[in-house]
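# Report on the structure
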Amino acid sequence: MSPLVSIAGLSVAFGGAPVLRGVDLALGKGEAVGLVGESGSGKSVTWLAALGLLPRHAKVSGSVRLDGRELLGAPAAELDRVRGGRIAMIFQDPASALNPVLTIRRQLCEALALHRDLQGEAVKAEAKRLLDLVGIPDAGRRLQAYPHEFSGGQVQRIMIAMALAGNPDLLIADEPTTALDATIQAQILELLSTIRREMSMAMVLISHDLGVVAENCDRVAVMYAGRIVEQAPSNQLFADPVHPYAQGLIGALPPLDGPRRRLTAIPGTVPDPAHMPGGCAFAPRCALAAEPCGLAAPSLALISDDRTVACIRAEASRRALLGIAAE
Amino acid sequence: MGRYFAIRIGRAALTIVLVVTFAFVVLRLSGDPALMILGPEAPPEVIAAFRKAWGLDDPIWFQYLDYFSAIAKGELGRSMRDGRPAIELVLERIPATLALTLPAFFFKVALGVPAGIYAALHRGSAIDRAVMMTAVAGFTVPSFVLALILVLVFAVQLGWLPSGGQDSWRHAILPITTLSLGGAAVLARFTRSAMLEVLGQPYIRTASAKGVPWRMVVTSHALPNAAIPTVTILGFMVGTLIAGAVVVESVFAWPGVGRLLVVAVANRDLAVVQCILLLVAMTMVTSNLIVDFLYGFLDPRLRAKGAHA
């Protein structure tokens, strides 16, 4: 099956400092992929770059294809049709993501008018249907309201409704619940997965919350310092992480059941994009780093049918993990 | 809503009282009108009679109360120089001042706002830098310097335009230009920074992410938000329509309210000065009130706050 979106060698630099350093990622129709990593690892930038939403001074190279058509450098009119129409995006801070001086109706109908051939009353009816769908009570009347009259969770629901307005094939959810309370978080995630199933829409869930990703995604890609370092089906990644960084992330999670154990933190900090170490970017923080790690950056290599890892010490790393488990 | 504006109107009235009081005190502390108007050579009996006639011998608090009770009755006093009602002297000068300040206001907006928007949309470009350099120059050069430079170039060197007076429309060109350039510079800087602030907001990215073409992002998402801070500075400019041309009128010998003010202050013609200041305070305060109303119209968040206040 040909992928819906395929990203190859995507690189982004801000004023000479590389933030993305060759990202490769493919996404099938209807698939849910989680993108995890620390702040600054390039999760959001990957998709902002793919959709041409980065500021003009960002230098973007590589390739992003949607159904085989190149998006990077595509004419503005074509990108405008893709954004919202094929690929929609929702953001972290719902409070500032909606225009404060325009009514919800105006902002929803704008998206509908752009991507669907609806006129007059049909636009309004569809806007109301979308608000009902995302669970805004009294939708007909609430269309006249302004963003500040809704709570954070409701605004995120409206953002989702707006994203659905163009019937997209892919929804990028960029930390959609980070700014919300824990109970609201669960509701929003539930809403996202219900909608995804019903509309058979693909989703990329960007998060630094591994639990959220594990529950909602088929596949996970772990990013570190502007690269994907490991990709695997969710259950496999959490049961058996291979890249030392992925192991570190999962080792830092408290287990819900089983004996209590000491949580391990990854030593050191993420390297500054302007001063990337030569070779593997994680080597300075890696317990398993050997001399060759500092020489060349490892590329993603298949370790089984559906898993890739960018680590030359993958085998040693796997053994080390099994050794710990055996103890 | 009603209470929100009642508070604002009360505050506006208080502002006017304070301005008038301040003017009253400062003028009476800074020199004797009798000596200024009659001259130092005038015989003492004449000066004493003058002081008595205008109530200048009364205690200052008495004069103050007297003055306020007169204002309450709608009397703004008479000029000490020619005995005519002060308000008449001022009103007959207003058309001349508006003949300069109204066109200047138009040019400020027509030049400054588009220049600021353009500069913000092309941030860092050569045009942006040129607009900003011009704006800083227009912003920092005092209007009397700019006026003198214009006179030097267009009146003295080139001889194209008259350097002063009010005989024809050609006489108005240099004063209007002086007023427009400075104001346009202020507006361009303000509009540019308001636009840049708005363009960096997440909702602009949201609009782009849902496929709104850039031109529409600017017109229907960015401009309505950037209008809010820009309206503040526009309100301030409306407030200066009556007395915003004091320096320019003096340089170009233009017989407007500004020049009347300068002459009246020099003579300590108390009623005239107070009348002008009252008028200025009232236009300033009125334009501020209009700005407050406009905020409520432009920003639904304030409208809601007003309803609850």
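Description of the structure in this document. (Residues numbered from 1 in each chain as written. Chains lettered and ligands numbered in written order. Predicted model: local features only at pLDDT ≥ 70, side-chain atom pairs only at ≥ 80, totals over all residues.)

### Concerning the overall build of chain B
Applicable threshold: Put simply, DSSP H or I for four residues or longer makes a helix, DSSP E for two residues or longer makes a strand, and each gets a number counted from the N terminus. Exposed residues have 12 or fewer other C-beta atoms within 10 Å of their own C-beta, buried residues have 20 or more, and partly exposed residues fall in between, where C-beta atoms are placed from the backbone. What counts as a contact here is a pair of residues whose C-beta atoms, placed from the backbone, lie within 7 Å.
Along chain B, the regular secondary structure elements total 14 helices and zero strands. The linear arrangement of helices and strands in chain B, starting from the amino end, is α-α-α-α-α-α-α-α-α-α-α-α-α-α. Residues classed as buried in chain B amount to 35% of the 309 residues present. Taking the intrachain contacts of chain B between residues at least 6 apart in sequence as the baseline, contacts between residues at least 24 apart amount to 74%.

### Some points on the sheet that holds strand E8 (residues 202-207) of chain A
All names here are of chain A. Operational definition: In this scheme, strands are said to pair when DSSP sees at least two bridges between them. Convention adopted: a line fitted to C-alpha atoms gives each axis, helices being fitted over their contacting stretch, and angles between N-to-C directions are expressed from 0 to 180 degrees.
Pairing in this open sheet of eight strands is mixed, and the strands run E6-E7-E8-E3-E9-E10-E12-E11 from one edge to the other. Two strands lie at the open edges of the sheet, namely strand E6 (87-90) and strand E11 (301-304), each paired on one side alone. Averaged over all adjacent pairs, the angle separating strand axes in this sheet is 25°, with direction ignored. Relative to E8, strand E7 (residues 170-174) runs parallel, the two sharing five bridges. Paired with Ile172 across the strands is Val204, a residue of E8.

### Remarks on the pairing of strand E10 (residues 227-233) of chain A
Residue and element names in this part refer to chain A. The buried fraction of E10 is high, at six of seven residues. In textbook terms, the turn of a hairpin is the stretch between consecutive antiparallel strands, and for strand E9 (residues 219-224) and E10 this stretch comprises two residues, one of which, Ala225, has a positive phi near 45°. Note: E10 against strand E12 (residues 307-309), two bridges, orientation antiparallel. Residue pairing across strands places Gln231 opposite Thr308, the latter belonging to E12.

### Description of the interface of chain B and chain A
What counts, and what does not: Throughout this entry, Asp, Glu, Lys and Arg are counted as charged residues, while Ala, Val, Leu, Ile, Met, Phe, Trp, Tyr, Cys and Pro are counted as nonpolar. The remaining residues, Gly among them, count as polar.
Chain B puts 21 residues into the contact, and the matching count from chain A is 26 residues. Mapped by element, the contributors of at least two residues to the side of chain B that touches chain A are helix H9 (202-209), helix H10 (214-239) and helix H14 (300-308) of chain B. Broken down by element, the side of chain B that touches chain A gets its largest block of residues, seven residues, from H9(B). In terms of residue class, the side of chain B that touches chain A is made up of eleven nonpolar, six polar and four charged.

### Let's talk about helix H1 (residues 43-50) of chain A
Residues and elements named next belong to chain A. Burial of H1 is extensive: eight of the eight residues sit out of reach of the surface. For H1, the set of buried residues is Lys43, Ser44, Val45, Thr46, Trp47, Leu48, Ala49 and Ala50. Taken from the residues just after H1, Gly52 is the one with a positive phi, measuring 70°.

Note that every value here comes from positions in space, so none of it alone points to a role or purpose.
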